[in-house]
Amino acid sequence: VYASIWDLILINGVFRELGVVQMSTMETKIAQATANPTAIMVPPSLMGATTYPADASLTGSNVTPEANTIGVLLPISRELLHDTKANLSYYLLTRFSEAIAGAIDYCAIQGTGAVDTTNGGITGIWNDQNIGTVPAAQGNSTIAQLARADFLAAVAAVSPAALQRGCKWIISTSFVAPLMGLVDSTGREYLLKTPAETGDGTWRLVGFEVVWAAQAPSVQTPGSIIAAFGHLPSYLVAIREDLEVMLRDGTGFSSNEQSFRALGRAFAQTRAASGLAKLALAQA
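Since the model is a prediction, treat every value here as computed from it, not as a measurement. (Residues numbered from 1 in each chain as written. Predicted model: local features only at pLDDT ≥ 70, side-chain atom pairs only at ≥ 80, totals over all residues. Heavy atoms only, no water.)

S.K.: Residue-level account of the side chain of Thr194, with values.
M.R.: If you trace the backbone, Thr194 turns up in the loop between β7 (192-193) and α7 (195-198). In this structure, Thr194 is in contact with Met180, Thr202 and Trp203, ignoring residues within four places of it in sequence. (Helix = DSSP H or I, 4+ residues; strand = E, 2+ residues; numbered from the N terminus. Contact = heavy atoms within 4.5 Å.)

Okay, structure coming up:
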């Protein structure tokens, strides 16, 4: 059933907006280009007499993913398993996929790099010091005080190569309400557009789509990072193609239970820091 879990993971995880790649069983390296390729123009009169220069940008480098094992253990009552009218397959798959997606989202967004069962040695976007942080203008130390110029400063901090691709915001769902109150100083035009206003089902902040992430930090103290912006595939999430689901019998005998276990493998890392930027509230 791992194929079904894989599909549900992508539905439940915000990380699907990032640079997701599938690792085959024996794959340990992910290609990492260093820049955009360049090309030359050869007029007809110069055809055959022009030497094509080698483009060095595609020599790139690679990322060696040290994938973490992601484990979920669900004990289920045998009373339910033996009930022919109870279909638990959907609920099992949903619980597995939500748990795995939530773990990946947390690590990719706010992982601290600590080698523990929460962070898995992964440094997320919020804590990656290689990704630039833009402070809001002086005095704008709360979300209610932010102005269009603050958000545009984060946009300007992203590399031109990233801006020519589809860029998006990642923002905590806790900030939906306070952001909806922000208006331009010159009028009553709201900075955050709802799906009803955009007409295409997306939320947009100063013209760019917003990805709401429950796993993004919701701290609103002065100086805290409240949003990330850029070409989100600049952050890599590598997931092993095969997922393991097993049933263990003989456990929970006294409580009449059986245990289902799901195991996956995943790794996350910034691969192009210049393609992302973070917006922080001003210091008090």
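S.K.: Give a description of the pairing of strand β14 (residues 276-280) that names residues and reports values.
M.R.: With respect to burial, β14 is a largely interior element, five of its five residues being buried. Residues Leu276, Lys278 and Ala280 of β14 are buried on one face, and the alternating residues Ala277 and Leu279, pointing to the opposite face, are buried as well. Two elements, strand β10 (residues 225-230) and β14, share five bridges in a ladder whose sense is antiparallel. Counted as the bridge partner of Phe229 is Ala277 from β14. (Buried < 20%, exposed > 50% of the residue type's maximum accessible area, 1.4 Å probe, protein only. Pairing = 2+ DSSP bridges.)

S.K.: Could you give an account of the environment of Ser97, with specific residues and numbers?
M.R.: Among the structural elements, Ser97 can be located in helix α3 (residues 89-110). On the basis of relative accessibility, which here comes to 0%, the residue Ser97 falls in the buried class. Sequence separation between Ser97 and Asn12 is 85 residues, and the spatial gap between their C-alpha atoms is 7.2 Å.

S.K.: Before we move on, can you summarise unusual backbone geometry with the specific residues and values?
M.R.: The phi torsion at Val206 lies on the positive side, around 45°, for a residue other than glycine. Considering the arrangement of structural elements, one finds Val206 in the loop between β8 (204-205) and β9 (208-213). Taking relative accessible area as the criterion, Val206 reaches 10% and is therefore assigned buried.

S.K.: Help me get a handle on the nonpolar core, residues and values and all.
M.R.: The nonpolar side chains of soluble globular proteins are, as a tendency, buried together. One finds Leu18, Ile125, Ile170, Tyr235 and Val237 to be the most contacted residues of the largest nonpolar core, which totals 29 residues. For this core, the elements supplying multiple residues, two or more each, are α3, β9, β10, β11 (235-240), β13 (257-270) and β14. Examining the composition of this core, we find that six residues originate from one element, α3, more than from any other. Not counting chain neighbours up to four residues away, the residues in contact with Leu18 comprise Ala108, Ile125, Ile170, Leu232, Pro233, Tyr235 and Val237. In this structure, Val155, Phe175, Phe229 and Leu281 belong to the second largest nonpolar core, which totals 28 residues. (Core = buried A, V, L, I, M, F, W, Y, C linked by side-chain atoms within 4.5 Å.)

S.K.: Kindly report on the environment of Ala214, identifying the contributing residues and their values.
M.R.: Residue placement: Ala214 occurs in the loop between β9 and β10. Separated by 108 residues in sequence, Ala214 and Tyr106 place their C-alpha atoms 8.9 Å apart.

S.K.: Explain the pattern of salt bridges residue by residue, including any values.
M.R.: Pairs can form between side chains of opposite charge once their charged atoms are near each other. Enumeration over the complete set of coordinates arrives at five salt bridges. Linking Arg148 and Asp184 is a salt bridge whose minimum nitrogen-to-oxygen distance equals 3.0 Å. Highlighted residues: Arg148 in helix α4 (residues 148-156) and Asp184 in the loop between α6 (176-180) and β7, separated in sequence by 36 residues. Note on Asp184: relative accessible area 13%, which makes it buried. Among the ionic pairs, Arg204 bridges to Asp200, the shortest N-O distance being 3.7 Å. On the basis of relative accessible area, Arg204 is assigned to the partly exposed category, the value being 26%. (Salt bridge = Lys/Arg side-chain N within 4 Å of Asp/Glu carboxyl O.)

Bear in mind that shape data such as this cannot, by itself, settle questions of function.
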